[in-house]
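Results of the structural survey
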Amino acid sequence: MANGNVARAVRAALVTAGAAGAGLCGTGALAQDTADQGSIGAVVVTGSRIARPDLDSASPVSIISSEQIAETGIQDMGQLIQRMPSMSGSPIGTTTNNGGDGSVQVDLRGMGVDRTLTLVNGKRTVDGGDYQTIPAVMIERVEVLKDGGASVYGADAVAGVVNIITRKDFEGLELGLQTADFFDMDSGRQQTFSLIGGKTFDSGHFVFGAEYVDQEEAYQSDAPWDFFQNSYYIYPEGCERQVAAPYDGTPTGGCYPIGSSRIPEGFFVFPTHGILMGGAGGLQPWDGRTYNYAPVNYIQTPYERTNVFADGKYALTDSVNFTASMRGNFRKSAQELAPTPYTTEPGADPAHEFTLGGTTWNGIHPDNFYLSQALAAAGLAPEPALQLRRRMVETSRRFSQDITQFQVHAGVDGSFENGMSFDVYYNWGYRSRKDRDTGQLFGPRLHAALGPSADLDGDGSPECYGDIGNPATLIPGCVPLNVIGGPGTITQEMLDYVGIDFLNDSFETRQHEAVASLAGTAFSLPGGKLGWAAGLAYTRNAFTYTPDSAKSLGVATGNIGAGTNGRLEAQSVFGEVFAPVFDNGTQSFDLKAGVRYDDYTDITSEVTYAVGLEFHVSGDLKLRGTYGTVFRAPTISDLFAGQFDSFPTYVDPCAQLPLPPGCPQQSVQFDSQVLAKLGGNPFLEPETGETFTAGLVWTPAIGPGQLTATLDYWDIQIEDGISSLGVQFILNDCYINQNASSCALVTRNNDANFTINQIIDGSLNVAEQGANGVDLELRYNWDTNLGSFEAGMLWVHLLDRTKVPFPGADEDDLSGRYTDVTAQDGGGYADDKINYTFRWRRGDLTLAYLGEYISALDADTFCNCGAGNQPDGSYIQSIGSQLYHDLVANYELPTGTTIAAGLTNITDEPPPYIEIGFNATTEPSNYRMFGRGYYLRLTHRFR
């Protein structure tokens, strides 16, 4: 290796050791190891299959080391990675209750979780990016490639790649215990037990380990923040500065408290009596009361997970190795929402179906015992309840998941006598998820229990009949349901009759991946030999979702929908070259290029390519750039998912004044959520796009230490994006723009209130999306008589995050904004995110300060209360910037025991109130929910 290349290897090690997440920057340990060796062998970094004589790359790559992972005290790897400045958006995690499923996901560049490819040791995972399956104890480092990667890895590597590199050279046995909690909470504790053991020998290595994590639930009522305890809307503007203050209708008063129209007293619509409310006092006019659902929702969801793993390598001959690895994940997780919001509008929850005036209604029969008594007591004539809404507070609503997942890899690698290397492997994955829903009700029995009923046998309790005038129509076992008398009037006997013990759904995913590749060198160039790699790949993925029959038949309350069953296969050919065009020991110029052909059965084929360059201007300055094409194939769910329910938030244009031109009458909006029907589309095509990066790497020696600086501009553009239009867009396009095709997707109820029944919002290739920005990474290391010091910063400035929802629409820039997370691409896109670190080491003691900064956001609101900075006049909420501070310490005892502790969010920063925040009116993916916390960890290593 030329001296220039050795020097560049050392500098590149400094660069690629640059870490991220929770305010961390690189330790410089990798650079020290490299310098001690004096030279390094060929290595492979994420984004290429070509072994290079240094760690340098034209592509920007950030690395999180195992030391930095341990330093944060975070055991959920997805949560840690999502705190990297290069991450954006609002992916789900274990603080996502409504809409969560116990998984933890990440969103590189805010382009969507499906456009970030997750790998383990360069291989795809069957879970598609659930970081709950990856135990922290097994990780050596995390490499984040930030310029696409489709030409190397194929579909889904659109925004980039997160590659988990596992520990392979571990020697001995290490046990670990950790507890983490919050000072202002009586719940939410997380406890971890881990072990890892390994042995290296002349012919290979073997590593095994396990990790158990138990996270306790926390309700919104457990947290100290006032706005977690109720539901508020911004009216008048400015009230968010004192959300929970007494509401007085002025900007100095509090926000307007409002909950759900599904109240425990019941809310009933009659043909001539109008809207009446039930309760202990009998039927009476609805007084506008709502139900406060906030306190009884989880804000941290519980889970227990056990991860096991093993990795081994054995030299079959001097030039052929056998490699194998195994991972298993076993998880139980749950979410809990407010009790079932029973709603019997047509097409919604089942009730007693009958015909009146030629129209089919879904409510309560006029001969129902409890309804007729309530009407008589109120002095009202008998008539049916056409619709009803009631919060079923007599039962809880809980969703649980039971995950079993295995990933197994086996292969051989080695080299030929001519120096060419090979790698052949088979990667198999299996994931089973069993869901159980409780708190729902059964349709056929609701039909009977809300139908005709009377006490014909005189025993003091009513019975169900087909016709109360004919005792022979008695329905055996049926218990009439009293939904009118207020909370508590649904007895256990009634609930036992209409309730469903649980609903069972099953999800099964199978993955098969076979890859064979060759790599080597060809002819010599002025800078060295041409490097190349080429190979073949075959993938087959199958997915089946089988909902409970009560859901698929539409005879249960809650979300219903059809199942999914599909398979995707692809054959791929790929190749890449690295050309060291010039190298004089001080300056050098290198080119790289890659191309890949993917042929998807029953969809289409795609060709992607990438080119890159590296120009070492001097001994400490390098210029670099890449350009490439990317694509994302539709998932099995994108293509084949049956129609299912969702409940996004919305504002009905017809409930606003002045009335939009497309509204035939004014409507009444009783709730902030609407029933949307979503589903797959077998005619979807792959998304296509391109990525571009340009930057520099500067590694001068300044003063007593070494500075490492990287500056990169990046740009991602996607066409034919798979997206849904979103219910708000459909409504606005129908009633404001008077687009008949959008109006056809909206169904309204045949009632005087002109309320919305449902909106169809399926998947289409309609969106164009883009993002661009600037990354800056700085680190400075220096040694003194007092110890070694390290300072670092990672700063990502988002210039634009654009979206065109469909061809011909105006471009919407999401940068610096927070939009409704229930809509496509909704969430937070901060203009600036910064992580910074100051670390001191002396002997066996390490102290560190970690900082995390998130810039201010402009948040959309539900308010339409005067002049603001939106074209439609709606008010924009200002979300202040957030700055978090953590202090951590680590001490290694001579006995092999290490004690680590940390204080997190030491200034006790609260999460921000965000009116349209779907969970707890805040943003749990990016902000810290529980104030000041701590962790304590003990590890002991046996050698």
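Residues numbered from 1 in each chain as written. Predicted model: local features only at pLDDT ≥ 70, side-chain atom pairs only at ≥ 80, totals over all residues. Heavy atoms only, no water.

Focus: the overall build of the chain
- What the chain contains, in helices and strands, is 12 helices and 50 strands.
- Since a compact globule built from 943 residues should have a radius of gyration of about 30 Å, the 30 Å found for the chain is in line with a globular shape.
- Taking the principal axes of its C-alpha atoms as reference, the chain extends roughly 100 × 55 × 55 Å.
- For the chain, the residues scored as buried account for 57% of the 943 residues in total.
- Within the chain, contacts between residues separated by at least 24 positions form 70% of all contacts whose residues are at least 6 apart in sequence.
- Working note: accessible area of the chain is about 36000 Å², and carbon and sulfur atoms make up 56% of it.
- Computed over 58 positive and 111 negative side-chain charges, the separation of the two mean positions in the chain equals 7 Å. (Helix = DSSP H or I, 4+ residues; strand = E, 2+ residues; numbered from the N terminus. Rg over C-alpha atoms; globule rule 2.2 N^0.38 Å. Buried < 20%, exposed > 50% of the residue type's maximum accessible area, 1.4 Å probe, protein only. Contact = heavy atoms within 4.5 Å. Areas by Shrake-Rupley, 256 points an atom, 1.4 Å probe, with all protein chains shown as cover. Lys, Arg positive; Asp, Glu negative; His and termini not counted. Charge placed at Lys NZ, Arg CZ, Asp CG, Glu CD.)

Quick look at the state of the cysteines
- Applying the stated criterion across every chain, the model contains four disulfides.
- The disulfide partner of Cys464 is Cys478, and the gap between their sulfur atoms is 2.1 Å. One disulfide, between Cys464 and Cys478, carries an S-S torsion of -65° and so falls in the left-handed class. Taken together, the residues Cys464 in strand β25 (residues 463-464) and Cys478 in the loop between β25 and α8 (492-498) connect sequence positions 14 residues apart. The burial state of Cys464 is the same as that of Cys478; both residues are buried.
- One disulfide bridge connects Cys734 with Cys743, the sulfur atoms lying 2.0 Å from each other. What sets the handedness of the Cys734 and Cys743 disulfide is the S-S torsion sign, and at about 105° it is right-handed. (Disulfide = S-S within 2.5 Å.)

Focus on the nonpolar core
- Met77, Ile81 and Val142 are the most contacted members of the largest nonpolar core, which totals 38 residues.
- Looking at this core, the elements that each hand over two or more residues are α4 (77-82), β4 (139-145), β5 (160-166), β36 (705-723) and β40 (787-804).
- If sequence neighbours within four positions are ignored, Ile81 has contacts with Ile64, Met87, Val106, Tyr131, Val142 and Val162.
- With 31 residues, the next largest nonpolar core counts Phe369, Leu375, Leu388 and Val479 among its residues. (Core = buried A, V, L, I, M, F, W, Y, C linked by side-chain atoms within 4.5 Å.)

Some thoughts on the pattern of salt bridges
- Counted under the stated rule, the structure contains 40 salt bridges.
- Residues Arg431 and Asp130 are paired through a salt bridge, measuring 3.1 Å at the closest nitrogen-oxygen approach. Of this pair, Arg431 sits in strand β23 (residues 421-438) while Asp130 sits in the loop between β3 (123-124) and β4, and the two are 301 residues apart along the sequence.
- Here Asp130 falls in the buried class, since its relative accessible area comes to 3%.
- Here Arg817 ties to Asp812 by a salt bridge, and the two come within 2.7 Å at their closest N and O atoms.
- The network of salt bridges with shared partners includes Glu67, Glu71, Glu790, Arg839 and Arg841. (Salt bridge = Lys/Arg side-chain N within 4 Å of Asp/Glu carboxyl O.)

What about the sheet that holds strand β1 (residues 61-65)?
- Strand order in this open sheet of five strands is β1-β4-β5-β2-β3, and the pairing throughout is mixed. Two strands in the sheet have a free side with no partner beyond their single neighbour: β1 and β3.
- Bridge count for strand β2 (residues 116-120) against β3 is two bridges, and the pairing is antiparallel. Among the inter-strand pairings, Leu119 is bridged to a residue of β3, identified as Arg124. (Pairing = 2+ DSSP bridges.)

Re empty space enclosed by the protein
- Considering all chains together, one arrives at 11 cavities of 30 Å³ or more under this definition.
- Put simply, the second largest cavity is a space of about 670 Å³.
- Lining the second largest cavity are 37 residues, and of these Ile74, Gln79, Arg83, Phe182 and Gln300 lie nearest its centre.
- Across the lining of the second largest cavity, the residue classes tally to 12 nonpolar, 20 polar and five charged. (1 Å grid on protein atoms, 1.4 Å probe; cavity = no way out; pocket = protein on both sides within 12 Å on 5 of 7 lines; lining within 4 Å. Points joined across faces, edges and corners; volume = space filled by probe spheres on them. Nonpolar A, V, L, I, M, F, W, Y, C, P; charged D, E, K, R; others polar.)

A look at the side chain of Thr557
- Looking at the secondary structure, you find Thr557 in the loop between α9 (549-552) and β28 (564-583).
- Accessibility expressed as a relative area gives 1% for Thr557, which makes it buried.
- Reaching out from Thr557, the side chain makes a polar contact with the side chain of Gln440 at a distance of 2.6 Å.
- Here Thr557 is in contact with Thr340, Tyr342, Asp349, Pro350, Gln440, Leu441 and Leu446, once residues within four sequence places are set aside. (Polar contact = N/O pair within 3.5 Å; in protein donor to acceptor, adjacent residues only side chain to side chain.)

Topic: the environment of Asp248
- Looking at the element boundaries, Asp248 is found in the loop between β10 (232-233) and β11 (256-257).
- A polar side-chain atom of Asp248 sits 2.7 Å from a polar atom in the side chain of Thr250.
- Of the polar contacts made by the side chain of Asp248, one reaches the backbone nitrogen of Gly253; its length is 3.4 Å.

Comments concerning unusual backbone geometry
- With an omega of 0°, the peptide bond running from Tyr235 to Pro236 counts as cis.
- Inspection of the secondary structure assignment puts Pro236 in the loop between β10 and β11.
- In this structure, the amide linkage connecting Leu657 to the following residue, Pro658, adopts the cis form with an omega of 0°.
- Within the element layout of this structure, Pro658 appears in the loop between β32 (644-646) and β33 (676-678).
- With a phi angle near 85°, Asp156 is a residue other than glycine that sits in the positive phi range.
- Checked against the element boundaries, Asp156 lands in the loop between α5 (150-153) and β5.
- Here Thr921, not a glycine, exhibits a phi torsion of approximately 45°, which is positive.
- Structurally, the position occupied by Thr921 is in the loop between β49 (897-904) and β50 (933-942).
- Residue Thr921 is classed as buried on the basis of its relative accessible area of 13%.

A word on the sheet that holds strand β21 (residues 387-391)
- If you walk across this open sheet you meet the five strands as β14-β13-β12-β21-β18, and the pairing is antiparallel. In the strand order of this sheet, the two ends are held by β14 (284-285) and β18 (341-343), each with one partner.
- In terms of strand pairing, strand β13 (residues 274-277) meets β14 through two bridges, oriented antiparallel. Looking at the pairing, Leu276 lines up with Pro285 of β14.

Observations regarding the packing of aromatic side chains
- Enumeration over the complete set of coordinates arrives at 24 aromatic pairs.
- Ring centres of Tyr600 and Phe631 lie 6.2 Å apart, and the angle between their planes is 75°; on these two criteria the pair is classed as edge-to-face. Here Tyr600, found in strand β29 (residues 588-600), pairs with Phe631, found in strand β31 (residues 621-632); they are 31 residues apart in sequence, far enough to count as distant. For the residue pair Tyr600 and Phe631, the accessibility class agrees, reading buried in each case.
- The cationic tip of Arg433 hangs over the ring face of Phe507; the distance from NZ or CZ to the ring centre is 4.1 Å.
- Of note, Arg748 hangs over the ring of Phe754, and the distance from its end group to the ring centre comes to 4.2 Å. (Phe/Tyr/Trp six-rings, centres within 6.5 Å; stacked < 30°, edge-to-face > 60°. Lys NZ or Arg CZ within 6 Å of the ring centre and 35° of its normal.)

Side note on the pairing of strand β6 (residues 172-182)
- Here β6 runs beside strand β7 (residues 190-201); their pairing, made up of nine bridges, is antiparallel. Each residue of the ladder has a partner; that of Leu175, found in β7, is Leu195.

Quick notes on helix α6 (residues 369-377)
- Taken together, the buried positions of α6 are Phe369, Tyr370, Leu371, Ala374 and Leu375.
- If you follow the buried residues of α6, they end up packed against β12 (267-270), β24 (453-454) and α8.

So, the pairing of strand β8 (residues 204-215)
- Both β7 and β8 contribute to a ladder of 12 bridges, which runs antiparallel. Bridging from a neighbouring strand, Thr192 pairs with Val213 of β8.
- Between the antiparallel neighbours β7 and β8 lie two residues.
- In the sheet, β8 pairs with strand β16 (residues 303-315) via 12 bridges, with the strands oriented antiparallel. Each residue of the ladder has a partner; that of Gly209, found in β16, is Phe309.

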